[in-house]
Amino acid sequence: MDAAKDTRPISPSKPSGPPDKADHHHLKGGHAHPKGNRRHVNLKKGGGGKGSWGRPGDELRDLHQDHDDPSYDPTEDDQDGVKLSETAYPLEPAEIKNLLEPLVKEYFDTGDSNEVLLACKNVSFGDRADVVCEVIVRLGLDRTDAERELCSNLISDLYSVILHENDIERAFALLLADISDLKLDTPDAADILGRFMARAVADDCLAPAFINNHPASAGDFPNPGVRAAIKKAHTLISMSHGMARLEQIWGVHGVLKPVRALVNDIHAILDEYSNAEDCEEVHRSLQQLGVPHFHHEVVYEAIQIVLAGGERESTLILKLLKHLSSSGFLTIDQLEAGFERTYSEITDLCLDIPKAATILDEFAQRALAEGVITKTSQEKSQERGSRKRFLSENNDGGKIKEAN
């Protein structure tokens, strides 16, 4: 009879020899690890499982950036030491025109070429910088000589920074090719263009060879407008001491006159207005003077007439300022500057005109009522100006009182 089968569990025998490397994970000082087999040991070290945030500090590690991520910033992607930089695409000729025209028109008012220069530096013209020069000259064709002087100065200021000689040559070549259309709007376009070219030569922006070697310089050229423009330029640069004379080719205008001479001119224009009472004539005279950056002086000198005059002068000057401001000839900043300067000098003005403070306040109120200045500009002028008033109109010997 077979012996009964032993159903007791058989204990595995302990292997002989030194423990293998894996056994060190559950041995500590010769004792079994309290967690038992090594598969129970937490190997993530706080890293978590699927969908977790990971271990502390993982958020600081350089991870691969997904270029399709909406928040992807190429400037922060420095993988493999590769630096990314922004590329400015060159503007098209139509875009250059849209950029330059308002800037140049504003330049006519301020006389400051820095704004145009900075705007040009922030864009790329590619190989079409000639359009910059072309736009400037086109805008100058139907302007006054004073504004043409500003155009010539602007081309000179942009030379070697934005414009180069080949750009200016190409611009004048395009203008000459379009002379027939230019004459439709500006009948004397050929004469003006010839002057622009001669002035560019005098400013060392254009080589004389461009004029001297032009096919039209020989006189045998099919387009009469081109012949006239080249002939004008050639005559001007060939004059004795011509280069010195070309610096004043557009005449001596306000931008070249000393301040005292400008003030005298403004006085003469305003005196003539007091007699003729013609606002349009003042407008034309000031425009021909060509000092848009000095228009605040017109406001200041006009207010002086109000302080020294009576009701008639006050009404005339108010009418003039309203005309010049409504036409856009005077800006709100220029009006503010004129009033502000008068307020700042009111203490001294009261020495000669005792009631100057009262007259000025009344005139400012009338200007406000007529829409010449705004409430904000009136308050700004008063705050920036003098805050003291003489009471000499009350016969107090010039005692000073703080304004309310």
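Residues numbered from 1 in each chain as written. Predicted model: local features only at pLDDT ≥ 70, side-chain atom pairs only at ≥ 80, totals over all residues. Heavy atoms only, no water.

1. Digging into the overall build of the protein chain
Per the secondary structure count, the protein chain includes 18 helices and 4 strands. Residue burial in the protein chain is summarised as follows: out of 404 residues, 36% are buried. Within the structure as shown, the protein chain displays about 24,500 Å² of accessible surface, and the carbon and sulfur contribution to it stands at 50%. (Helix = DSSP H or I, 4+ residues; strand = E, 2+ residues; numbered from the N terminus. Buried < 20%, exposed > 50% of the residue type's maximum accessible area, 1.4 Å probe, protein only. Areas by Shrake-Rupley, 256 points an atom, 1.4 Å probe, with all protein chains shown as cover.)

2. Comments concerning the pattern of salt bridges
The tally for this structure, following the rule as stated, stands at 17 salt bridges. Close ionic contact of Arg 199 with Asp 203 constitutes a salt bridge, the shortest N to O distance being 3.1 Å. The closest approach of N and O atoms between Glu 370 and Lys 322, which form a salt bridge, is 2.9 Å. Linking Glu 370 in the loop between α17 (356–369) and α18 (375–384) with Lys 322 in helix α14 (residues 311–326), this pair joins segments that are 48 residues apart in sequence. By relative accessible area, which is 38% here, Glu 370 ends up partly exposed. Look at Lys 322 and you get partly exposed, because its relative accessible area is 37%. Each member of the salt-bridge network shares a partner with another, and the members are Arg 128, Asp 130 and Arg 170. (Salt bridge = Lys/Arg side-chain N within 4 Å of Asp/Glu carboxyl O.)

3. Topic: the side chain of Thr 342
The topology assignment puts Thr 342 in helix α15 (residues 332–344). The buried category is assigned to Thr 342, whose relative accessible area is 0%. A distance of 2.9 Å separates the side chain of Thr 342 from the backbone oxygen of Gly 338, its partner in a polar contact. (Polar contact = N/O pair within 3.5 Å; in protein donor to acceptor, adjacent residues only side chain to side chain.)

4. Focus: empty space enclosed by the protein
For the coordinates displayed, the defined rule picks out 1 cavity of 30 Å³ or more. What the largest cavity holds in volume is close to 50 Å³. If one sorts the elements of the lining of the largest cavity by residue count, helix α1 (residues 93–110) sits on top with 4 residues. Its residues assigned to classes, the lining of the largest cavity shows 3 nonpolar, 1 polar and 3 charged. (1 Å grid on protein atoms, 1.4 Å probe; cavity = no way out; pocket = protein on both sides within 12 Å on 5 of 7 lines; lining within 4 Å. Points joined across faces, edges and corners; volume = space filled by probe spheres on them. Nonpolar A, V, L, I, M, F, W, Y, C, P; charged D, E, K, R; others polar.)

5. What to know about the nonpolar core
In terms of nonpolar packing, the biggest core is built from 57 residues, with Leu 100, Phe 172 and Met 197 touching the most fellow members. Not counting residues up to four positions away in its chain, the partners in contact with Leu 100 are Val 116, Cys 120, Phe 125, Val 132 and Val 135. Grouped together as the second largest cluster of nonpolar side chains are 41 residues, Ile 266, Val 306, Ile 317 and Ala 356 included. (Core = buried A, V, L, I, M, F, W, Y, C linked by side-chain atoms within 4.5 Å. Contact = heavy atoms within 4.5 Å.)

6. Notes on the confidence of the model for the protein chain
In the predicted model, the protein chain carries a mean pLDDT of 80, and the fraction of residues at 70 or more is 72%. A low-confidence stretch, residues 1–5 stays under pLDDT 50, and its non-local contacts, those more than four residues away or across chains, total 0 contacts. The model gives residues 21–36 a pLDDT under 50, and that stretch makes 11 contacts with residues more than four places away or in other chains. (pLDDT = per-residue confidence, 0-100.)

7. Examining the layout of surface pockets
Approximately 230 Å³ is the volume found for the second largest pocket. Lining the second largest pocket are 16 residues, and of these Asp 109, Glu 147, Gln 287, Pro 292 and Phe 329 sit closest to its centre. Put simply, the parts of the chain that give the lining of the second largest pocket at least two residues each are α1, α4 (145–158) and α12 (279–289). Considered class by class, the residues forming the lining of the second largest pocket number 7 nonpolar, 6 polar and 3 charged.

8. Some words on the packing of aromatic side chains
Enumeration according to the criterion identifies 3 aromatic pairs in this entry. Between Phe 196 and Trp 250, the aromatic rings sit 4.9 Å apart at their centres with planes inclined by 55 degrees, giving tilted as the arrangement. Here Phe 196, found in helix α7 (residues 189–202), pairs with Trp 250, found in the loop between α10 (242–246) and α11 (259–276); they are 54 residues apart in sequence, far enough to count as distant. According to the relative accessible area criterion, Phe 196 is buried, its value standing at 2%. Measuring from centroid to centroid gives 6.1 Å for Phe 339 and Phe 363, while their planes differ by 20 degrees, and the two rings are stacked. (Phe/Tyr/Trp six-rings, centres within 6.5 Å; stacked < 30°, edge-to-face > 60°.)

9. Description of helix α9 (residues 224–238)
Spanning 15 residues, α9 covers 21 Å between terminal C-alpha atoms, matching the ideal 21 Å at 1.5 Å per step. For α9, the set of buried residues is Gly 225, Val 226, Ala 229, Ile 230, Ala 233, Leu 236 and Ile 237. All buried residues of α9 fall inside an arc of 130 degrees around its axis, so they share one side. N-cap assignment for α9: the residue whose side-chain oxygen lies 2.9 Å from the backbone N of Gly 225 is Asn 223. (Expected span 1.5 Å × (residues − 1). Arc of directions from axis to C-beta.)

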